[in-house]
Amino acid sequence: MHWSFVLVVPGILYLSYQPEVGIVREALTWYLSVGVLLFLFVLLHELGHALMARARDVTAEKIVLFPLGGGAFLPDPPKTVVDELLIYGAGPGANLLLAAIALPFLYFQPDGDLLLRSFVDPFGNYVVQPDRMDQLLGVSVAVNLILAIGNLLPAYPLDGGRMLRALLRRPLGERPAVVVVTLLGMLIGISLLGLAWYLKDPLLAFGALFIAGTSAVTYRSGWQRRRLSKKTVSAVVRAIDDLPIKSRLYAGDATTKAHRIFSVTNWPVLPVYDGWNALRGFVSRETLEDEDPATEGSVLDIAEFEFVTAAPGDNLLEVTEKIVAANVYGAAVYGNRGRILGFVFTEDIMELLGKGNRRR
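Parameters and conventions
The residue numbers shown here count from 1 along each chain, following its written sequence. Given that this is a predicted model, residues contribute local features only at a pLDDT of at least 70 and side-chain atom pairs are listed and counted only at 80 or more, while totals for whole chains, interfaces and linings are drawn from all residues. Only hydrogens and water are set aside; all other atoms, that is, all heavy atoms of the structure, feed into the side-chain values. Only DSSP runs of H or I reaching four residues or more are called helices, and only runs of E reaching two or more are called strands; each is numbered from the N terminus. Radius of gyration here is computed from C-alpha atoms only, and the compact-globule reference equals 2.2 Å multiplied by the residue count raised to the power 0.38. Note on classification: 1.4 Å probe, protein chains only; a residue is buried when its accessible area is under 20% of the maximum for its type, exposed when over 50%, partly exposed between these limits. The contact criterion used throughout is that any non-hydrogen atoms of two residues lie within 4.5 Å. Calculation of accessible area relied on Shrake-Rupley with a 1.4 Å probe; when residues are assessed, cover is drawn exclusively from the protein chains displayed. By the counting rule applied here, Lys and Arg register as positive and Asp and Glu as negative, while His and the ends of each chain are not counted. Lys charges are placed at NZ, Arg charges at CZ, Asp charges at CG and Glu charges at CD. An axis is simply a line fitted to the C-alpha atoms; with a helix, the fit covers only the stretch in contact. Between two such axes, the angle follows the N-to-C directions and lies from 0 to 180 degrees. By definition, turning the near helix anticlockwise from the far helix through less than a right angle yields a left-handed crossing, and turning it clockwise yields a right-handed one. Three residue categories are used. Nonpolar comprises Ala, Val, Leu, Ile, Met, Phe, Trp, Tyr, Cys and Pro, charged comprises Asp, Glu, Lys and Arg, and polar comprises the others, including Gly. pLDDT measures the predictor's confidence residue by residue and takes values from 0 up to 100. Two strands form a pair only when DSSP identifies at least two bridges running between them. Only residues whose relative accessible area exceeds 30% and that form no salt bridge are eligible for patches; like-charged ones are grouped when within 9 Å, while nonpolar side chains (Val, Leu, Ile, Met, Phe, Trp, Tyr) are grouped when within 5 Å. Put simply, a salt bridge is a Lys or Arg side-chain nitrogen that is within 4 Å of an Asp or Glu carboxyl oxygen.

1. Re the overall build of the protein
- A count of helices and strands for the protein gives 13 helices and 10 strands.
- For 360 residues, the compact-globule estimate of 2.2 N^0.38 gives 21 Å, and the protein exceeds it by more than 25% at 28 Å.
- The dimensions of the protein, computed from C-alpha atoms along their principal axes, are 90 × 55 × 40 Å.
- Going through the 360 residues of the protein one by one, you find that 39% of them count as buried.
- For the protein, the share of sequence-separated contacts (at least 6 apart) that also reach a separation of at least 24 residues comes to 57%.
- Here the protein has roughly 20,600 Å² of accessible surface; of this, 61% comes from carbon and sulfur atoms.
- Between the mean site of the 33 positive side-chain charges and the mean site of the 35 negative ones, the protein shows a separation of 8 Å.

Below is the structure:
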């Protein structure tokens, strides 16, 4: 459960409060009941994804629930189109099943058809007087239909967008399929935002902004990946000979020496060597700035002794993905006979993409 759930109780109390009356017990009971139902509906939606993933031998790592939604995290993507369709369709399928279970209990009552219409079409002119159980059944039908139909919209990152991407990947290719669903996501998000403004619905507006924003970020990310895929490591490598000071930094050196080297170079990261002049790892300017310059600390205590390796002709996108997966400062670039030619830092990759300097 996400930390934002701490806002649910104050929100329910606020909705149940009336000036000069205080907390209205009936309203409090109603909003608590609806809150519990919404929690269960979202949980079952995400369980649909997770359990179907496990049934298709795809790892489902965890489920994170928010007050107005949730997400099932799959570390590895589904392997086949059929797996994607089943896994992404299982969430809306769970909501359709819940709506189908609640529907007969509501419909087969006196004036059940009018009750159902009043919940599914709240703008219709229906004269009905549902009791509390009828209201909860109506909420169950309406909310689950909204969750199912809404998530099946062909917009990224909704389930429908992911399913459409899976269907388009083979005829169009990975990148064109992503472009189609993200552009649809931005278009649908903007359209829903206009509808939210017309209906004066803040929740719909929030969802519309989420769809449009996530689609835009994903589209931009795809553009960045395509740009990196067209370049090699040599486009961003920092040659080791470009360091203005030729004195090497060793793991056993004091941090004061690292301060001196950083003071005469704009490099964000410095290589650290062992006593055999073999590369051991890196120390960053950012990490060093957290140390007291007057303190005789050891580079060994602040260096990161993990890095990836690359060659000048390696694809930059592939090397970037290795850096990100390893969560390291960058890569050491080796030439013939194992000689270090230079380094690639995440800061240089970000600058290539036009983002300026960024922390890793």
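2. Structural notes on the packing of helix α2 (residues 25-55) against helix α5 (residues 132-151)
- Two elements in contact, α2 and α5, have axes separated by 10 Å at closest approach and are oriented at 35°. Handedness of the α2/α5 crossing: right-handed. On α5, the residues that touch Glu26, Thr29, Trp30, Ser33, Leu37, Leu38, Phe41 and His45 of α2 are Arg132, Gln135, Leu136, Val139, Ser140, Val143, Asn144, Leu147 and Asn151.
- Here the residues of the contact of α2 with α5 sort into 8 nonpolar, 7 polar and 2 charged.

3. Comments concerning the confidence of the model for the protein
- Here the protein shows a mean pLDDT of 84. Residues at 70 or above account for 94%.
- Mean pLDDT per element in the protein: helix α4 (residues 112-120) is the minimum at 74, and helix α3 (residues 81-107) is the maximum at 92.
- The model gives residues 356-360 a pLDDT under 50, and that stretch makes 13 contacts with residues more than four places away or in other chains.

4. Remarks on the pairing of strand β10 (residues 340-345)
- Taken across its 6 residues, β10 has 5 buried, putting it largely inside the fold.
- Sheet topology places strand β5 (residues 238-239) next to β10; 2 bridges connect them, and they run antiparallel. Each residue of the ladder has a partner; that of Ala239, found in β10, is Gly342.

5. As for the environment of Pro104
- Position of Pro104 relative to the elements: it lies in helix α3.
- Along the sequence, Pro104 and Leu137 sit 33 residues apart, while their C-alpha atoms lie 9.6 Å from each other.

6. Some points on the sheet that holds β10
- If you trace the 4 strands from one edge of the open sheet to the other, you get β5-β10-β9-β8, paired in mixed fashion. Each end of this open sheet is capped by a strand with a single partner; those strands are β5 and β8 (308-310).
- Taken together, the 3 bridges between β8 and strand β9 (residues 330-334) define a ladder with parallel strand orientation. Across the sheet, Thr309 pairs through a bridge with Ala332, a residue of β9.
- Sheet contacts for helix α12 (residues 316-326): β8, β9 and β10; angle to β8, the most-contacted strand, approximately 170°.

7. Some details on a negative patch on the surface
- A cluster of acidic side chains, namely Glu289, Asp290, Glu291 and Asp301, defines a negative patch on the protein surface.
- Along the chain, the position of Asp301 falls in helix α11 (residues 299-302).
- A residue is classified by how much of its surface remains accessible, and Asp301, at 63% relative accessible area, is exposed.

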